[in-house]
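Here is what each chain is made of, one letter per residue.
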Amino acid sequence: MSKFLKKCYSSLEAYVPGEQPRDGEYVKLNTNESPFPPSPSVINAVNSGEVMNLRLYSDPTAKDLKNSIASLYGVGSENVYVANGSDDILNFSFMAFSGDKGEAVFPEISYGFYKVFSELYGIKSEQIPLKEDFSIDYKDYLNKNKFIVIANPNAPTGLTLSLSEIEEILKTNKDNVVLIDEAYVDFGGESAVTLVPKYDNLLVCMTFSKSRCLAGARLGFAIGNSEIIKDLELIKYSTNPYNINRLTLVAGKAAIDDNVYYVDRCKSIMENREYTINELKKLGFFVTDSKANFVFAQCDWIDGETLYKKLKERKILIRHFSTEKIKNFNRITIGTLNQMETFIENVKNIKEEMI
Ligand SMILES: *Cc1c(COP(=O)(O)O)cnc(C)c1O
(Lines give C-alpha, C1' and ligand atoms only; values in the text may rest on other atoms or scores of the structure.)
Protein backbone atom coordinates (compact mmCIF):
# COMPACT_ATOMS: atom_id res chain seq x y z
CA MET A 1 0.00 0.00 0.00
CA SER A 2 1.30 3.46 -0.83
CA LYS A 3 1.84 6.31 1.59
CA PHE A 4 -0.94 8.13 -0.25
CA LEU A 5 -3.80 5.80 0.73
CA LYS A 6 -6.15 7.22 3.35
CA LYS A 7 -5.59 5.61 6.75
CA CYS A 8 -9.20 4.48 6.97
CA TYR A 9 -8.63 2.11 4.03
CA SER A 10 -5.32 0.68 5.16
CA SER A 11 -6.78 -2.31 6.99
CA LEU A 12 -9.57 -2.99 4.49
CA GLU A 13 -9.95 -6.68 3.72
CA ALA A 14 -11.25 -6.81 0.17
CA TYR A 15 -13.64 -9.39 -1.22
CA VAL A 16 -11.85 -12.38 -2.74
CA PRO A 17 -13.62 -13.53 -5.93
CA GLY A 18 -13.62 -17.21 -6.88
CA GLU A 19 -10.88 -18.35 -9.23
CA GLN A 20 -11.38 -17.46 -12.89
CA PRO A 21 -8.96 -19.68 -14.81
CA ARG A 22 -8.56 -19.65 -18.60
CA ASP A 23 -11.53 -20.97 -20.53
CA GLY A 24 -12.00 -24.67 -21.00
CA GLU A 25 -9.30 -25.85 -18.66
CA TYR A 26 -11.64 -26.76 -15.81
CA VAL A 27 -15.15 -27.98 -15.16
CA LYS A 28 -16.01 -24.72 -13.47
CA LEU A 29 -18.37 -25.17 -10.54
CA ASN A 30 -16.99 -22.44 -8.28
CA THR A 31 -18.63 -19.06 -8.93
CA ASN A 32 -22.32 -19.79 -9.52
CA GLU A 33 -22.34 -18.71 -13.14
CA SER A 34 -24.76 -20.30 -15.58
CA PRO A 35 -23.43 -23.18 -17.69
CA PHE A 36 -25.76 -22.03 -20.49
CA PRO A 37 -25.19 -19.27 -23.05
CA PRO A 38 -27.44 -16.19 -23.03
CA SER A 39 -30.65 -16.43 -25.08
CA PRO A 40 -30.29 -16.11 -28.89
CA SER A 41 -32.14 -12.80 -28.71
CA VAL A 42 -29.32 -11.42 -26.55
CA ILE A 43 -26.79 -12.41 -29.18
CA ASN A 44 -28.94 -10.62 -31.79
CA ALA A 45 -29.25 -7.49 -29.68
CA VAL A 46 -25.52 -7.12 -29.14
CA ASN A 47 -24.95 -6.50 -32.84
CA SER A 48 -22.52 -4.43 -34.88
CA GLY A 49 -25.03 -1.54 -35.01
CA GLU A 50 -24.87 -1.29 -31.25
CA VAL A 51 -21.09 -1.57 -31.34
CA MET A 52 -21.05 1.40 -33.75
CA ASN A 53 -23.14 3.30 -31.21
CA LEU A 54 -20.43 2.84 -28.58
CA ARG A 55 -19.04 6.24 -29.53
CA LEU A 56 -22.11 7.71 -27.81
CA TYR A 57 -22.75 7.54 -24.07
CA SER A 58 -25.30 5.03 -22.89
CA ASP A 59 -28.78 6.10 -21.74
CA PRO A 60 -28.30 7.25 -18.13
CA THR A 61 -32.01 6.66 -17.41
CA ALA A 62 -31.85 3.09 -18.82
CA LYS A 63 -35.45 3.66 -19.84
CA ASP A 64 -35.97 0.69 -22.18
CA LEU A 65 -34.39 -1.80 -19.82
CA LYS A 66 -36.30 -0.45 -16.82
CA ASN A 67 -39.59 -0.68 -18.72
CA SER A 68 -38.96 -4.31 -19.60
CA ILE A 69 -38.08 -5.20 -16.01
CA ALA A 70 -41.10 -3.27 -14.70
CA SER A 71 -43.50 -5.09 -17.00
CA LEU A 72 -42.05 -8.54 -16.19
CA TYR A 73 -42.37 -7.94 -12.44
CA GLY A 74 -45.66 -6.03 -12.56
CA VAL A 75 -44.31 -2.83 -11.01
CA GLY A 76 -43.87 0.75 -12.26
CA SER A 77 -40.61 1.76 -13.90
CA GLU A 78 -40.19 4.26 -11.02
CA ASN A 79 -39.86 1.19 -8.79
CA VAL A 80 -36.85 -0.13 -10.72
CA TYR A 81 -33.18 0.71 -10.34
CA VAL A 82 -30.50 -0.82 -12.59
CA ALA A 83 -26.79 -1.05 -11.91
CA ASN A 84 -23.44 -2.36 -13.03
CA GLY A 85 -23.93 -5.69 -11.25
CA SER A 86 -25.95 -6.08 -8.07
CA ASP A 87 -22.73 -5.62 -6.10
CA ASP A 88 -23.08 -1.96 -7.06
CA ILE A 89 -26.56 -1.85 -5.56
CA LEU A 90 -25.28 -3.42 -2.35
CA ASN A 91 -22.45 -0.89 -2.33
CA PHE A 92 -24.81 2.09 -2.65
CA SER A 93 -27.23 0.63 -0.13
CA PHE A 94 -24.57 0.23 2.55
CA MET A 95 -23.41 3.75 1.73
CA ALA A 96 -26.87 5.29 1.83
CA PHE A 97 -29.10 3.29 4.16
CA SER A 98 -26.97 2.43 7.18
CA GLY A 99 -28.42 5.40 9.09
CA ASP A 100 -26.76 8.36 10.73
CA LYS A 101 -25.12 6.06 13.25
CA GLY A 102 -23.80 3.77 10.51
CA GLU A 103 -25.23 0.41 11.55
CA ALA A 104 -26.16 -2.76 9.71
CA VAL A 105 -27.41 -6.25 10.55
CA PHE A 106 -26.87 -9.38 8.48
CA PRO A 107 -26.29 -13.11 9.02
CA GLU A 108 -22.81 -14.11 10.16
CA ILE A 109 -22.60 -16.68 7.37
CA SER A 110 -23.79 -15.04 4.15
CA TYR A 111 -22.52 -13.27 1.06
CA GLY A 112 -18.97 -12.14 1.90
CA PHE A 113 -19.39 -8.68 0.41
CA TYR A 114 -21.70 -7.49 3.23
CA LYS A 115 -18.73 -7.47 5.62
CA VAL A 116 -16.52 -5.75 3.07
CA PHE A 117 -18.99 -2.90 2.47
CA SER A 118 -19.47 -2.50 6.22
CA GLU A 119 -15.74 -2.07 6.67
CA LEU A 120 -15.43 0.19 3.63
CA TYR A 121 -17.97 2.64 5.11
CA GLY A 122 -16.98 2.24 8.75
CA ILE A 123 -20.36 0.69 9.55
CA LYS A 124 -20.84 -1.14 12.84
CA SER A 125 -22.19 -4.47 11.75
CA GLU A 126 -24.13 -6.90 13.88
CA GLN A 127 -23.53 -10.34 12.40
CA ILE A 128 -26.12 -12.79 13.64
CA PRO A 129 -25.12 -16.48 13.82
CA LEU A 130 -27.18 -18.98 11.87
CA LYS A 131 -29.07 -21.72 13.72
CA GLU A 132 -27.43 -25.15 14.21
CA ASP A 133 -29.04 -26.35 10.98
CA PHE A 134 -27.60 -23.34 9.08
CA SER A 135 -30.99 -21.68 8.67
CA ILE A 136 -31.73 -18.04 9.51
CA ASP A 137 -34.03 -17.43 12.48
CA TYR A 138 -36.19 -14.52 11.33
CA LYS A 139 -36.96 -13.69 14.98
CA ASP A 140 -33.36 -12.53 15.39
CA TYR A 141 -34.14 -9.70 12.96
CA LEU A 142 -37.29 -8.27 14.55
CA ASN A 143 -37.23 -4.71 15.99
CA LYS A 144 -33.60 -4.14 15.08
CA ASN A 145 -33.95 -0.48 14.12
CA LYS A 146 -30.96 -0.85 11.82
CA PHE A 147 -30.36 -1.42 8.13
CA ILE A 148 -30.95 -5.14 7.54
CA VAL A 149 -29.52 -7.23 4.71
CA ILE A 150 -30.58 -10.82 4.10
CA ALA A 151 -29.78 -12.99 1.10
CA ASN A 152 -32.82 -15.13 0.29
CA PRO A 153 -31.93 -17.86 -0.63
CA ASN A 154 -28.94 -17.36 1.62
CA ALA A 155 -25.41 -17.93 0.34
CA PRO A 156 -23.63 -20.29 0.65
CA THR A 157 -26.31 -22.42 2.33
CA GLY A 158 -29.07 -22.08 -0.28
CA LEU A 159 -31.67 -22.04 2.51
CA THR A 160 -34.70 -19.74 2.35
CA LEU A 161 -36.92 -17.66 4.58
CA SER A 162 -40.64 -17.66 3.79
CA LEU A 163 -42.37 -14.49 2.63
CA SER A 164 -44.38 -14.36 5.86
CA GLU A 165 -41.14 -14.39 7.85
CA ILE A 166 -39.74 -11.58 5.70
CA GLU A 167 -42.98 -9.70 6.22
CA GLU A 168 -42.52 -9.89 10.00
CA ILE A 169 -39.05 -8.40 9.63
CA LEU A 170 -40.42 -5.59 7.45
CA LYS A 171 -43.28 -4.82 9.86
CA THR A 172 -41.02 -4.49 12.89
CA ASN A 173 -38.32 -2.38 11.22
CA LYS A 174 -40.41 0.35 9.61
CA ASP A 175 -37.80 3.08 10.05
CA ASN A 176 -35.06 1.20 8.23
CA VAL A 177 -34.44 -0.31 4.84
CA VAL A 178 -34.65 -4.09 4.71
CA LEU A 179 -32.66 -5.28 1.71
CA ILE A 180 -33.52 -8.75 0.45
CA ASP A 181 -30.77 -9.97 -1.86
CA GLU A 182 -32.47 -12.31 -4.32
CA ALA A 183 -29.44 -13.22 -6.46
CA TYR A 184 -30.64 -16.86 -6.42
CA VAL A 185 -34.41 -16.51 -6.23
CA ASP A 186 -35.06 -17.84 -9.74
CA PHE A 187 -33.97 -21.36 -8.80
CA GLY A 188 -36.98 -22.20 -6.65
CA GLY A 189 -37.30 -19.37 -4.14
CA GLU A 190 -40.22 -17.01 -3.65
CA SER A 191 -39.61 -13.34 -4.51
CA ALA A 192 -40.43 -10.57 -2.05
CA VAL A 193 -41.22 -8.24 -4.98
CA THR A 194 -44.92 -8.88 -4.32
CA LEU A 195 -44.47 -7.12 -0.95
CA VAL A 196 -43.09 -3.91 -2.49
CA PRO A 197 -46.49 -2.15 -2.77
CA LYS A 198 -47.14 -2.85 0.94
CA TYR A 199 -43.80 -1.90 2.52
CA ASP A 200 -41.96 1.30 1.74
CA ASN A 201 -38.86 0.03 3.56
CA LEU A 202 -38.32 -2.99 1.30
CA LEU A 203 -35.60 -3.13 -1.34
CA VAL A 204 -35.32 -6.32 -3.39
CA CYS A 205 -32.05 -6.80 -5.20
CA MET A 206 -31.54 -9.15 -8.18
CA THR A 207 -28.87 -9.93 -10.73
CA PHE A 208 -28.48 -11.05 -14.35
CA SER A 209 -25.32 -12.94 -13.35
CA LYS A 210 -26.81 -16.25 -12.25
CA SER A 211 -30.21 -17.16 -13.69
CA ARG A 212 -29.87 -14.92 -16.78
CA CYS A 213 -26.49 -16.19 -17.96
CA LEU A 214 -24.91 -12.71 -18.11
CA ALA A 215 -22.31 -12.64 -15.33
CA GLY A 216 -19.74 -11.06 -17.66
CA ALA A 217 -22.12 -8.31 -18.78
CA ARG A 218 -22.32 -6.93 -15.21
CA LEU A 219 -25.98 -6.12 -14.67
CA GLY A 220 -28.13 -6.03 -11.58
CA PHE A 221 -31.44 -4.45 -10.63
CA ALA A 222 -33.43 -3.54 -7.59
CA ILE A 223 -37.16 -3.17 -7.03
CA GLY A 224 -38.58 -1.05 -4.25
CA ASN A 225 -40.60 1.96 -3.25
CA SER A 226 -40.02 4.86 -5.66
CA GLU A 227 -38.52 7.00 -2.88
CA ILE A 228 -35.81 4.41 -2.15
CA ILE A 229 -35.16 4.10 -5.88
CA LYS A 230 -34.71 7.90 -6.07
CA ASP A 231 -32.12 7.68 -3.29
CA LEU A 232 -30.15 5.12 -5.30
CA GLU A 233 -30.42 7.33 -8.39
CA LEU A 234 -29.08 10.25 -6.34
CA ILE A 235 -25.98 8.26 -5.44
CA LYS A 236 -25.62 7.03 -9.00
CA TYR A 237 -25.80 10.54 -10.51
CA SER A 238 -23.28 11.62 -7.88
CA THR A 239 -20.78 8.95 -8.87
CA ASN A 240 -21.27 7.46 -12.36
CA PRO A 241 -24.40 8.43 -14.35
CA TYR A 242 -23.53 6.15 -17.29
CA ASN A 243 -23.13 3.18 -15.00
CA ILE A 244 -24.25 0.58 -17.54
CA ASN A 245 -22.65 0.31 -20.95
CA ARG A 246 -24.67 0.23 -24.17
CA LEU A 247 -24.04 -3.44 -24.97
CA THR A 248 -25.15 -4.52 -21.52
CA LEU A 249 -28.28 -2.35 -21.69
CA VAL A 250 -29.48 -4.03 -24.90
CA ALA A 251 -28.38 -7.48 -23.73
CA GLY A 252 -30.30 -7.05 -20.48
CA LYS A 253 -33.47 -5.90 -22.20
CA ALA A 254 -33.34 -8.81 -24.64
CA ALA A 255 -32.80 -11.22 -21.76
CA ILE A 256 -35.83 -9.93 -19.85
CA ASP A 257 -37.98 -9.97 -22.99
CA ASP A 258 -37.08 -13.63 -23.60
CA ASN A 259 -38.07 -14.78 -20.12
CA VAL A 260 -39.28 -18.19 -21.32
CA TYR A 261 -35.72 -19.11 -22.29
CA TYR A 262 -34.50 -18.43 -18.77
CA VAL A 263 -37.35 -20.14 -16.97
CA ASP A 264 -36.48 -23.21 -19.00
CA ARG A 265 -32.77 -23.04 -18.16
CA CYS A 266 -33.55 -22.54 -14.46
CA LYS A 267 -35.71 -25.66 -14.59
CA SER A 268 -32.74 -27.66 -15.91
CA ILE A 269 -30.53 -26.31 -13.15
CA MET A 270 -33.13 -27.29 -10.54
CA GLU A 271 -33.31 -30.83 -11.97
CA ASN A 272 -29.53 -31.12 -12.03
CA ARG A 273 -29.46 -29.85 -8.46
CA GLU A 274 -31.79 -32.64 -7.32
CA TYR A 275 -29.60 -35.18 -9.14
CA THR A 276 -26.47 -33.79 -7.44
CA ILE A 277 -28.04 -33.71 -3.97
CA ASN A 278 -29.20 -37.33 -4.29
CA GLU A 279 -25.84 -38.58 -5.54
CA LEU A 280 -23.91 -36.69 -2.85
CA LYS A 281 -26.18 -38.15 -0.17
CA LYS A 282 -25.49 -41.64 -1.52
CA LEU A 283 -21.78 -40.86 -1.08
CA GLY A 284 -22.33 -39.99 2.58
CA PHE A 285 -22.61 -36.22 2.34
CA PHE A 286 -24.79 -33.92 4.39
CA VAL A 287 -26.30 -31.47 1.91
CA THR A 288 -28.46 -28.46 2.80
CA ASP A 289 -31.88 -28.15 1.17
CA SER A 290 -30.65 -25.60 -1.36
CA LYS A 291 -33.03 -23.53 -3.45
CA ALA A 292 -30.13 -21.91 -5.33
CA ASN A 293 -27.93 -22.86 -8.30
CA PHE A 294 -25.40 -24.42 -5.94
CA VAL A 295 -25.33 -27.01 -3.21
CA PHE A 296 -23.54 -26.76 0.12
CA ALA A 297 -22.13 -30.07 1.27
CA GLN A 298 -19.95 -31.77 3.86
CA CYS A 299 -19.05 -35.36 4.71
CA ASP A 300 -17.01 -37.18 7.33
CA TRP A 301 -14.68 -39.16 5.06
CA ILE A 302 -12.82 -36.13 3.71
CA ASP A 303 -12.43 -32.55 4.93
CA GLY A 304 -13.61 -29.65 2.81
CA GLU A 305 -10.23 -28.32 1.81
CA THR A 306 -8.81 -31.72 0.81
CA LEU A 307 -11.83 -32.45 -1.35
CA TYR A 308 -11.48 -29.05 -3.01
CA LYS A 309 -7.78 -29.70 -3.71
CA LYS A 310 -8.27 -33.24 -4.99
CA LEU A 311 -11.00 -32.09 -7.36
CA LYS A 312 -8.82 -29.23 -8.57
CA GLU A 313 -6.07 -31.75 -9.44
CA ARG A 314 -8.74 -33.46 -11.52
CA LYS A 315 -9.58 -30.17 -13.25
CA ILE A 316 -12.83 -29.59 -11.39
CA LEU A 317 -13.21 -26.31 -9.52
CA ILE A 318 -15.57 -25.92 -6.57
CA ARG A 319 -15.60 -23.21 -3.89
CA HIS A 320 -14.05 -23.75 -0.50
CA PHE A 321 -14.33 -21.14 2.27
CA SER A 322 -11.75 -21.07 5.04
CA THR A 323 -14.21 -19.44 7.51
CA GLU A 324 -13.97 -21.56 10.67
CA LYS A 325 -17.66 -22.49 11.01
CA ILE A 326 -18.01 -23.73 7.45
CA LYS A 327 -14.48 -24.87 6.65
CA ASN A 328 -15.53 -28.47 6.28
CA PHE A 329 -18.09 -27.56 3.62
CA ASN A 330 -17.82 -26.86 -0.06
CA ARG A 331 -20.14 -24.92 -2.30
CA ILE A 332 -20.68 -26.61 -5.63
CA THR A 333 -22.27 -24.66 -8.47
CA ILE A 334 -24.86 -26.61 -10.44
CA GLY A 335 -23.88 -26.90 -14.09
CA THR A 336 -25.15 -29.06 -16.94
CA LEU A 337 -26.11 -32.68 -16.19
CA ASN A 338 -22.96 -33.75 -17.98
CA GLN A 339 -20.79 -31.58 -15.73
CA MET A 340 -22.55 -32.83 -12.60
CA GLU A 341 -22.06 -36.46 -13.67
CA THR A 342 -18.35 -35.75 -14.16
CA PHE A 343 -18.22 -34.12 -10.73
CA ILE A 344 -19.99 -37.06 -9.02
CA GLU A 345 -17.82 -39.60 -10.86
CA ASN A 346 -14.70 -37.85 -9.60
CA VAL A 347 -15.98 -37.61 -6.02
CA LYS A 348 -16.65 -41.37 -6.20
CA ASN A 349 -13.09 -42.02 -7.35
CA ILE A 350 -11.68 -39.83 -4.60
CA LYS A 351 -13.77 -41.73 -2.04
CA GLU A 352 -12.47 -45.08 -3.29
CA GLU A 353 -8.93 -43.77 -3.00
CA MET A 354 -9.48 -42.57 0.55
CA ILE A 355 -11.10 -45.70 1.99
C1 LIG B 1 -23.46 -13.23 -7.05
C2 LIG B 1 -24.10 -12.47 -5.95
C3 LIG B 1 -24.25 -11.09 -6.02
C4 LIG B 1 -23.55 -10.25 -7.05
O5 LIG B 1 -24.06 -10.31 -8.27
P6 LIG B 1 -23.49 -9.38 -9.44
O7 LIG B 1 -24.75 -8.89 -10.06
O8 LIG B 1 -22.71 -10.29 -10.31
O9 LIG B 1 -22.68 -8.26 -8.86
C10 LIG B 1 -24.95 -10.45 -5.01
N11 LIG B 1 -25.45 -11.14 -3.97
C12 LIG B 1 -25.28 -12.47 -3.85
C13 LIG B 1 -25.86 -13.17 -2.67
C14 LIG B 1 -24.59 -13.17 -4.84
O15 LIG B 1 -24.39 -14.47 -4.70
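Residues numbered from 1 in each chain as written. Predicted model: local features only at pLDDT ≥ 70, side-chain atom pairs only at ≥ 80, totals over all residues. Heavy atoms only, no water.

## Topic: the overall build of the chain
Moving on, step 1. Tallying secondary structure elements over the chain gives eleven helices and 13 strands in all.
Moving on, step 2. Radius of gyration (C-alpha) of the chain: 20 Å, near the 20 Å computed for a compact globule of 355 residues.
Moving on, step 3. For the chain, with 355 residues in total, the buried portion stands at 51%.
Moving on, step 4. Sequence separation of 24 or more characterises 72% of the internal contacts of the chain that already satisfy a separation of 6 or more.
Moving on, step 5. Surface summary for the chain: the accessible area is close to 16500 Å², and the carbon and sulfur share equals 50%.
Moving on, step 6. Charge centroids of the chain, computed over 42 positive and 48 negative side chains, lie 3 Å from each other. (Helix = DSSP H or I, 4+ residues; strand = E, 2+ residues; numbered from the N terminus. Rg over C-alpha atoms; globule rule 2.2 N^0.38 Å. Buried < 20%, exposed > 50% of the residue type's maximum accessible area, 1.4 Å probe, protein only. Contact = heavy atoms within 4.5 Å. Areas by Shrake-Rupley, 256 points an atom, 1.4 Å probe, with all protein chains shown as cover. Lys, Arg positive; Asp, Glu negative; His and termini not counted. Charge placed at Lys NZ, Arg CZ, Asp CG, Glu CD.)

## Some remarks on the site of the ligand
Moving on, step 1. In the vicinity of the ligand, the contacting residues are Gly85, Ser86, Asp87, Tyr111, Asp181, Ala183, Tyr184, Thr207, Ser209, Lys210 and Arg218.
Moving on, step 2. In this structure, an oxygen atom belonging to the ligand sits 2.6 Å away from a main-chain N or O atom of Ser86.
Moving on, step 3. At 2.6 Å, a side-chain N or O of Ser209 approaches an oxygen atom of the ligand.
Moving on, step 4. About the coverage of the ligand: the protein hides 93% of its 390 Å² of free accessible area. (Near = heavy atom within 4 Å. Polar contact = N/O pair within 3.5 Å; in protein donor to acceptor, adjacent residues only side chain to side chain.)

## Brief notes about the sheet that holds strand E7 (residues 202–207)
Moving on, step 1. What the seven strands build is an open sheet, ordered E2-E8-E7-E6-E5-E3-E4; its pairing is mixed. Edge positions in the sheet fall to strand E2 (80–83) and strand E4 (124–128), since each has one partner strand and no second. Neighbour to neighbour, the strand axes of the sheet diverge by 20° on average, direction disregarded.
Moving on, step 2. Strand direction decides the pairing type here: strand E5 (residues 147–151) and strand E6 (residues 178–181), joined by four bridges, are parallel. Bridging from a neighbouring strand, Ile148 pairs with Val178 of E6.
Moving on, step 3. Packed on one face of the sheet, helix H4 (residues 86–97) meets E2, strand E3 (103–107), E5, E6, E7 and strand E8 (220–224) and runs near 155° to E7. (Pairing = 2+ DSSP bridges. Axes fitted to C-alpha atoms, helices over the stretch in contact; angles between N-to-C directions.)

## Observations concerning helix H6 (residues 163–171)
An α-helical segment advances 3.6 residues per turn. Residues three or four places apart therefore align on the same side.
Moving on, step 1. Those residues of H6 that fall on the buried side of the exposure criterion are Leu163, Ile166, Glu167, Ile169 and Leu170. The buried side chains of H6 occupy one side of the element, clustering within an arc of 160° when seen end-on.
Moving on, step 2. Against the buried residues of H6 lie E5, E6 and E7. (Arc of directions from axis to C-beta.)

## Comments concerning the side chain of Ser110
Moving on, step 1. The topology assignment puts Ser110 in the loop between E3 and helix H5 (113–120).
Moving on, step 2. A relative accessible area of 14% places Ser110 in the buried class.
Moving on, step 3. Side chain to side chain, Ser110 and Asn154 meet in a polar contact 2.7 Å long.

## Quick word on the pairing of E2
Moving on, step 1. Side-chain alternation along E2 places Val80 and Val82 on one buried face and Tyr81 and Ala83 on a second face that is also buried.
Moving on, step 2. Where E2 lies against E8, four bridges are found, and the strand directions are antiparallel. Bridging across to E8, Val80 finds its partner in Ile223.

## Notes on the packing of H4 against helix H7 (residues 226–237)
Moving on, step 1. Interaxial distance between H4 and H7 falls to 10 Å at its minimum, and their mutual angle equals 100°. What the angle tells us is that H4 and H7 run roughly perpendicular. Facing Ile89, Phe92, Ser93, Met95, Ala96 and Phe97 of H4, the residues of H7 in contact are Ile228, Asp231, Leu232, Ile235 and Lys236.
Moving on, step 2. Classifying every residue of the contact of H4 with H7 gives eight nonpolar, one polar and two charged. (Parallel < 35°, antiparallel > 145°, perpendicular 65-115°, else oblique. Nonpolar A, V, L, I, M, F, W, Y, C, P; charged D, E, K, R; others polar.)

## Things to note about the packing of aromatic side chains
Moving on, step 1. Counted by the stated rule, this structure contains 21 aromatic pairs.
Moving on, step 2. Geometrically, the ring pair formed by Tyr57 and Tyr242 is stacked, given 4.0 Å between the ring centres and 15° between the ring planes. One end of the pair, Tyr57, is in the loop between helix H2 (48–52) and helix H3 (63–73); the other, Tyr242, is in the loop between H7 and helix H8 (246–257), with 185 residues separating them in the sequence.
Moving on, step 3. With relative accessibility at 62%, the residue Tyr57 sits in the exposed group. (Phe/Tyr/Trp six-rings, centres within 6.5 Å; stacked < 30°, edge-to-face > 60°.)

## Points about the sheet that holds strand E12 (residues 319–320)
Moving on, step 1. Sheet architecture is open: four strands sit in the order E9-E10-E13-E12, paired in antiparallel fashion. Because the sheet does not close on itself, it has two edges, and the strands there are strand E9 (286–287) and E12.
Moving on, step 2. In this sheet, strand E13 (residues 330–333) lies alongside E12 in antiparallel orientation, the contact comprising two bridges. By the bridge assignment for E13, Arg319 is matched with Arg331.
Moving on, step 3. Packed onto the sheet, helix H9 (residues 259–282) meets E9, strand E10 (294–298) and E13 and runs at close to 10° relative to E10.

## Remarks on the nonpolar core
Moving on, step 1. Formed by 88 residues in total, the largest nonpolar core has its most connected members in Ile69, Ile223, Phe285 and Phe343.
Moving on, step 2. Considering every element that reaches this core, the biggest residue donor is H9, with six residues.
Moving on, step 3. With residues up to four places along the chain from it excluded, the contact list for Phe343 reads Leu29, Thr276, Leu280, Leu311, Ile316, Ile318 and Ile332.
Moving on, step 4. Listed in part, the 27 residues of the second largest apolar core include Ala104, Phe106, Phe113 and Ile123. (Core = buried A, V, L, I, M, F, W, Y, C linked by side-chain atoms within 4.5 Å.)

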